[in-house]
Amino acid sequence: MTASLARALNGFGLLAVSLILVIAFADQIVLGELPCPLCILQRVGFVGAAFGLALNVKFGPRPSHYAVVMISAFIGAMVSLRQTLLHIVPGTGTYGSAIMGMHFYTWALVIYCLIILGCAAMLLFDRQFLATGEAASDWSQRSRAATFGMAMVALAALLTLGNGISTVLECAGGLCPDNPVDYLLLPGSPRP
């Protein structure tokens, strides 16, 4: 696997993580389901994974960048596991709507495990880490991959900013409510 192919695959991984953040953000804005503190921490885990993928896209694949992704995914998985275990006992209720039979926190746990497995698989290809010059004929392919990758970096950065702003609006810079019903900095804001 060449470094440019690895960058492109990391770009697609960044797209996948960004889509997860888009879905969570859309659920928050369109359906009015504000994220709980554990949900916000899970989003932070996805942002950390996106950061590691963005490092691979921007600076080229490195084992340390994959480590950032895997550590972020592991921390996010632990938060997701905690929330899943809180709601696994019958009669304890759930938080949020279910998608295809599972709640966001359960999906997050599954996706975090897939991210860790995907990074471990990528680490099996040592050739991506070699600093060899690729053929000049591959220039257009590398250019397209770089453009796509940087567009995904920009998308992830925009989603990170949006989630950060919504978290400040929801929590008012302090502790977030366990079961949020409104944005603390927007009192009386109508929920959809």
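Given the structure is predicted, the values throughout are model-derived calculations rather than measurements.

## With respect to the overall build of the protein chain
Here is step 1 of the chain: Within the protein chain, the secondary structure is distributed over 5 helices and 2 strands.
Here is step 2 of the chain: From first element to last, N terminus to C terminus, the protein chain shows the α and β order α-α-α-β-β-α-α.
Here is step 3 of the chain: Among the 192 residues that make up the protein chain, the fraction classed as buried is 38%.
Here is step 4 of the chain: Sequence-distant contacts, at least 24 apart, represent 71% of the contacts inside the protein chain between residues at least 6 apart.
Here is step 5 of the chain: As presented, the protein chain carries roughly 10,400 Å² of accessible surface, and 75% of it is formed by carbon and sulfur atoms.

## Considering the packing of aromatic side chains
Aromatic ring pairs: the centre-centre distance and the angle between the two ring planes describe each pair.
Here is step 1 of the chain: By the definition in use, this model includes 3 aromatic pairs.
Here is step 2 of the chain: Note on Phe12 and Phe148: the rings are 4.7 Å apart at their centroids and 40° apart in plane angle, and the pair reads as tilted. You can see Phe12 sitting in helix α1 (residues 3–30) and its partner Phe148 sitting in helix α5 (residues 139–171), a full 136 residues away along the chain.
Here is step 3 of the chain: By relative accessible area, Phe148 is classed as partly exposed at 24%.

## Points about unusual backbone geometry
Here is step 1 of the chain: The residue Ala172 is not glycine, and still its phi comes out positive at about 60°.
Here is step 2 of the chain: Looking at where Ala172 falls in the secondary structure, it is placed in the segment after α5.

## Details of the packing of α1 against helix α2 (residues 37–59)
Here is step 1 of the chain: Orientation of α1 relative to α2, taken along the N-to-C sense of each, is 155°, at an axis distance of 9 Å. As far as their axial angle goes, α2 and α1 are roughly antiparallel. α1 and α2 meet at a crossing whose hand is left-handed. On α2, the residues that touch Arg7, Asn10, Gly11, Gly13, Leu14, Val17, Ile20, Leu21, Ala24, Phe25 and Gln28 of α1 are Arg43, Phe46, Val47, Ala50, Leu53, Ala54, Asn56, Val57, Lys58 and Phe59.

## A word on the environment of Ser18
Here is step 1 of the chain: With respect to the helices and strands, the residue Ser18 is situated in helix α1.
Here is step 2 of the chain: Along the sequence, Ser18 and Leu158 sit 140 residues apart, while their C-alpha atoms lie 9.5 Å from each other.
Here is step 3 of the chain: Apart from residues lying up to four places away in sequence, Ser18 is in contact with Met152, Leu155, Ala156 and Leu159.

## Some thoughts on α1
Residues three or four positions apart in an α-helix share a direction because the helix packs 3.6 residues into each turn.
Here is step 1 of the chain: With 28 residues, α1 should cover 40 Å at 1.5 Å per step; its first-to-last C-alpha distance of 39 Å lies within 8% of that length.
Here is step 2 of the chain: Gly32 lies just past α1 and shows a positive phi near 75°.

## Here's the deal with helix α4 (residues 104–122)
Here is step 1 of the chain: Along its 19 residues, α4 runs 26 Å from first to last C-alpha, staying within 8% of the 27 Å computed at 1.5 Å per residue.
Here is step 2 of the chain: Buried within α4 we find Tyr105, Thr106, Ala108, Leu109, Tyr112, Ile115, Cys119 and Met122.
Here is step 3 of the chain: Close packing links the buried residues of α4 with α1, α2, α3 (63–87) and β2 (102–103).

## A few points about the nonpolar core
Here is step 1 of the chain: Among the nonpolar cores identified, the biggest contains 26 residues, and Leu14, Val17, Phe46, Val69, Tyr112 and Ile115 are the most heavily contacted of them.
Here is step 2 of the chain: When contributions to this core are tallied by element, the ones reaching two or more residues are α1, α2, α3, α4 and α5.
Here is step 3 of the chain: The residues touching Tyr112, leaving out its near neighbours within four places in the chain, are Gln42, Arg43, Gly45, Phe46, Ser72, Ala73, Gly76, Ala77 and Ser80.

## Some details on the side chain of Thr84
Here is step 1 of the chain: Structurally, Thr84 is set in helix α3.
Here is step 2 of the chain: A residue is classified by how much of its surface remains accessible, and Thr84, at 13% relative accessible area, is buried.
Here is step 3 of the chain: In contact with Thr84, not counting residues within four places along its chain, are Tyr105, Thr106 and Leu109.

Rules used throughout
For every chain, the first residue of the written sequence is number 1, and numbering continues from 1 along that sequence. Local features in this predicted model are restricted to residues of pLDDT 70 or higher, and side-chain atom pairs are both shown and tallied only at a pLDDT of 80 or more, whereas totals for entire chains, interfaces and linings draw on every residue. Heavy atoms throughout the structure, all of them, feed into the side-chain values; hydrogens and water do not. In this description a helix means any DSSP run of H or I spanning at least four residues, a strand means any run of E spanning at least two, and both kinds are numbered starting from the N terminus. Using a 1.4 Å probe on the protein chains alone, a residue whose accessible area is under 20% of its type maximum counts as buried, one over 50% counts as exposed, and one in between counts as partly exposed. Here a residue-residue contact requires only that any non-hydrogen atoms of the pair lie within 4.5 Å. All accessibility values rest on the Shrake-Rupley procedure with a 1.4 Å probe; residue burial counts only the protein chains present in the view. Within 6.5 Å between ring centres, the rings of Phe, Tyr and Trp (the latter by its six-membered ring) count as paired, and their orientation is classed by plane angle as stacked under 30 degrees, edge-to-face over 60, tilted in between. Only C-alpha atoms enter the line fits that serve as axes; for helices the fit covers just the stretch in contact. Angles between N-to-C directions range over 0 to 180 degrees. An angle below 35 degrees is read as roughly parallel, one above 145 as roughly antiparallel, one from 65 to 115 as roughly perpendicular, and any other as oblique. Should the near helix be turned anticlockwise from the far one by less than a right angle, the crossing is termed left-handed; should it be turned clockwise, right-handed. Residue count minus one, scaled by 1.5 Å, sets the expected span of a helix. As used in this record, nonpolar core signifies buried Ala, Val, Leu, Ile, Met, Phe, Trp, Tyr and Cys residues forming a set joined through side-chain atoms within 4.5 Å.

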